[in-house]
Amino acid sequence: DAGSACHELFSTTNLVPYDTWVSVGFSLSRKQDRAVIFLNNDAIADTRREIGAYQKQGQSLSMSNVGVANRQVASAADHGFFIGAHAPQQGDATREHCHTFIGYLGD
């Protein structure tokens with residue numbers, strides 16, 4: 001939303017294991033008003049099925065507050081596409097603090 005870029009969808013119980021190869025991905029659908037995170041073959045967070053947890057600016061909220069359909073991913077002026085983290089910050093020339101994670105977007 002226009003008020004904050006700090007939105008987090010995650011699982012508190014299904015975590016990425018240490019020292020093990022896994023597939024991690026996500027899907028955002030404006031048409032279905034839905035966000036899903038996958039770990040291997042399992043959906044571990046899903047806004048429509050109310051699996052996982054959602055936080056905005058560190059505050060836990062209901063999945064009904066996610067609102068994917070009305071969210072703008074990036075404007076033409078942004079010149080970039082960042083999902084999974086904030087855009088690179090001033091003074092971070094090496095991009096060490098930008099953890100961009102790209103998944104599948106489609107309707």
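Before reading further, recall that the structure is shown in the block above.
Before going into details, it helps to say that this report is about the structure given with it. All figures in this text were calculated on a predicted structure; none of them were measured in a lab. (Residues numbered from 1 in each chain as written. Predicted model: local features only at pLDDT ≥ 70, side-chain atom pairs only at ≥ 80, totals over all residues. Heavy atoms only, no water.)

## Let's talk about the overall build of the protein
Per the secondary structure count, the protein includes zero helices and seven strands. N-terminal to C-terminal, the α/β element order of the protein is β-β-β-β-β-β-β. Out of the 107 residues belonging to the protein, those deemed buried represent 22%. Summed over all atoms, the accessible surface of the protein reaches about 7,700 Å², with 49% contributed by carbon and sulfur. (Helix = DSSP H or I, 4+ residues; strand = E, 2+ residues; numbered from the N terminus. Buried < 20%, exposed > 50% of the residue type's maximum accessible area, 1.4 Å probe, protein only. Areas by Shrake-Rupley, 256 points an atom, 1.4 Å probe, with all protein chains shown as cover.)

## Topic: the sheet that holds strand S1 (residues 7-10)
Taken together, the three strands give an open sheet; going across it, the order is S1-S5-S6, and neighbouring strands pair in antiparallel fashion. Where the open sheet ends on each side, the last strands, each with one partner, are S1 and strand S6 (59-61). Ignoring which end each strand starts from, the neighbouring axes of this sheet average 30° apart. (Pairing = 2+ DSSP bridges. Axes fitted to C-alpha atoms, helices over the stretch in contact; angles between N-to-C directions.)

## Regarding the pattern of salt bridges
Per the stated rule, a full pass over the model turns up two salt bridges. In this structure, Arg-34 and Asp-46 form a salt bridge, with 2.5 Å as the shortest nitrogen-oxygen distance. Here Arg-34 is found in strand S3 (residues 34-39), whereas its partner Asp-46 is found in strand S4 (residues 42-46), with twelve residues between them in sequence. Each member of the pair, Arg-34 as well as Asp-46, carries the same accessibility label: buried. (Salt bridge = Lys/Arg side-chain N within 4 Å of Asp/Glu carboxyl O.)

## Thoughts on unusual backbone geometry
Here the phi dihedral of Asp-33 falls at roughly 50°; this positive angle occurs in a residue that is not glycine. The residue Asp-33 is located in the loop between strand S2 (24-29) and S3 in this model. Assessed through its relative accessible area of 39%, Asp-33 is described here as partly exposed. A positive phi is found at Glu-50, a non-glycine position, where the angle reads about 55°.

## Digging into the side chain of Asp-46
Given a relative accessible area of 0%, Asp-46 falls into the buried group. Reaching out from Asp-46, the side chain makes a polar contact with the side chain of Arg-34 at a distance of 2.5 Å. One polar contact links the side chain of Asp-46 to the main-chain amide nitrogen of Arg-48, over a distance of 3.0 Å. With residues near it in sequence (within four places) discarded, Asp-46 still touches Arg-34, Ala-35, Val-36, Ile-51 and Met-63. (Polar contact = N/O pair within 3.5 Å; in protein donor to acceptor, adjacent residues only side chain to side chain. Contact = heavy atoms within 4.5 Å.)

## Some points on the environment of Lys-56
For Lys-56, the location among the structural elements is in strand S5 (residues 53-56). Linking Lys-56 and Leu-9, residues 47 residues apart in sequence, is a C-alpha distance of 9.0 Å.

## What to know about the environment of Thr-47
On the secondary structure map, Thr-47 appears in the loop between S4 and S5. Overall, Thr-47 belongs to the buried group, its relative accessible area being 8%. Here the alpha-carbon distance between Thr-47 and Ser-62, two residues 15 residues apart in the chain, equals 9.2 Å. Dropping the residues within four chain positions of it, Thr-47 is found in contact with Leu-9, Asp-33, Arg-34, Ala-35, Met-63 and Val-66.

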